[in-house]
Amino acid sequence: MALTVTSNSFKDGDYLGNDFILSAEFGFGCAGGNRSPHIAWSGAAAGTKSFALHCHDPDAPTGSGFWHWVVVNIPPNVSELPVGAGNPGGKMPAGALQARNDIGTAGYIGPCPPEGHPHRYLFTVFAVSDMLDVKPETTPAVIGFQLFFKTLDKASIMGLYKR
């Protein structure tokens, strides 16, 4: 059985609702709710000791994309994160760690691309063979490096946003 990712907040390939878009307080010109969407997964590989999740925009004009959300060390008995789990006061499972996103904070930061063409937001879940030795300030690139060596399986769901 292969790992699969779903969401009650959006369907694969659909546009993300305003509730999940960056809020005005961040000053980038968007006025959404900045809530992390519901993400669920099933079909974990044998030997999975934890899960990791990230949301990445490969279309951001940075040369390396933009990391919107990075969560590691999700316990192996957890199979979903509810709406708002990635926000301050959100219901994150015990032991899970939200690491730094590309604005330098831990937790979810909603989409707010430059005006123009749609951007893709890839919510990827990793079945991991071990816990990762990271801190909240660990960069997404370093976490990606660790995941490269410890990923048993991964799957994604894609949301879109354009302004």
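Residues numbered from 1 in each chain as written. Predicted model: local features only at pLDDT ≥ 70, side-chain atom pairs only at ≥ 80, totals over all residues. Heavy atoms only, no water.

### Let's talk about the overall build of the chain
Thinking step 1. Each helix and strand counted, the chain has one helix and eight strands in total.
Thinking step 2. The order of helices and strands in the chain, counted from the N terminus, is β-β-β-β-β-β-β-α-β.
Thinking step 3. Over its C-alpha atoms the chain spans a radius of gyration of 15 Å, differing by no more than 12% from the 15 Å that the globule rule assigns to 163 residues.
Thinking step 4. Judged by the C-alpha coordinates and their principal axes, the chain covers about 45 × 30 × 30 Å.
Thinking step 5. The buried share of the chain, reckoned over its 163 residues, is 48%.
Thinking step 6. Of the contacts formed within the chain by residues at least 6 apart in sequence, a portion of 70% connects residues at least 24 apart.
Thinking step 7. For the chain, the accessible surface area stands at approximately 7,700 Å², while carbon and sulfur atoms represent 55% of it.
Thinking step 8. Taken as two groups, the 11 positive and 13 negative side-chain charges of the chain have centres that lie 2 Å from each other. (Helix = DSSP H or I, 4+ residues; strand = E, 2+ residues; numbered from the N terminus. Rg over C-alpha atoms; globule rule 2.2 N^0.38 Å. Buried < 20%, exposed > 50% of the residue type's maximum accessible area, 1.4 Å probe, protein only. Contact = heavy atoms within 4.5 Å. Areas by Shrake-Rupley, 256 points an atom, 1.4 Å probe, with all protein chains shown as cover. Lys, Arg positive; Asp, Glu negative; His and termini not counted. Charge placed at Lys NZ, Arg CZ, Asp CG, Glu CD.)

### Regarding the side chain of Q98
Thinking step 1. Here Q98 lies in strand β6 (residues 97-98).
Thinking step 2. By relative accessible area, which is 17% here, Q98 ends up buried.
Thinking step 3. There is a polar contact of 2.9 Å between the side chain of Q98 and the side chain of W69.
Thinking step 4. Excluding residues within four positions of it along the chain, Q98 makes contact with W69, V70, V71, A85, G86, M92, A106, G107, Y108 and P136. (Polar contact = N/O pair within 3.5 Å; in protein donor to acceptor, adjacent residues only side chain to side chain.)

### Some points on the layout of surface pockets
Thinking step 1. In this model, the largest pocket occupies a volume close to 210 Å³.
Thinking step 2. Lining the largest pocket are 16 residues, with F28, F66, H68, C112 and P113 positioned closest to its centre.
Thinking step 3. Here the lining of the largest pocket is built from residues that sort into eleven nonpolar, four polar and one charged. (1 Å grid on protein atoms, 1.4 Å probe; cavity = no way out; pocket = protein on both sides within 12 Å on 5 of 7 lines; lining within 4 Å. Points joined across faces, edges and corners; volume = space filled by probe spheres on them. Nonpolar A, V, L, I, M, F, W, Y, C, P; charged D, E, K, R; others polar.)

### Things to note about the sheet that holds strand β2 (residues 39-42)
Thinking step 1. What the three strands build is an open sheet, ordered β1-β2-β5; its pairing is antiparallel. Each of the sheet's edge strands pairs with one partner strand only, and the pair in question is β1 (4-6) and β5 (80-81).
Thinking step 2. Note that β2 and β5 share two bridges and pair antiparallel. Residue I39 lies in a different strand from β5, and its bridge partner there is L81. (Pairing = 2+ DSSP bridges.)

### Quick notes on the packing of aromatic side chains
Thinking step 1. Counted by the stated rule, this structure contains five aromatic pairs.
Thinking step 2. Between F10 and F123, the ring centres sit 5.4 Å apart and the planes meet at 45°, which makes this aromatic pair tilted. Of the two residues, F10 sits in the loop between β1 and β2 while F123 sits in strand β7 (residues 119-128), which places them 113 residues apart along the sequence.
Thinking step 3. Judged by relative accessible area, which is 0%, F123 ranks as buried.
Thinking step 4. Judged by centre distance (5.1 Å) and plane angle (70°), the ring pair of F145 and F149 falls under edge-to-face. Within this pair, F145 and its partner F149 are both found in helix α1 (residues 140-150), separated by four residues, close to a single helical turn. As far as burial versus exposure is concerned, F145 and F149 are alike and both exposed. (Phe/Tyr/Trp six-rings, centres within 6.5 Å; stacked < 30°, edge-to-face > 60°.)

Keep in mind these values describe shape, not function.
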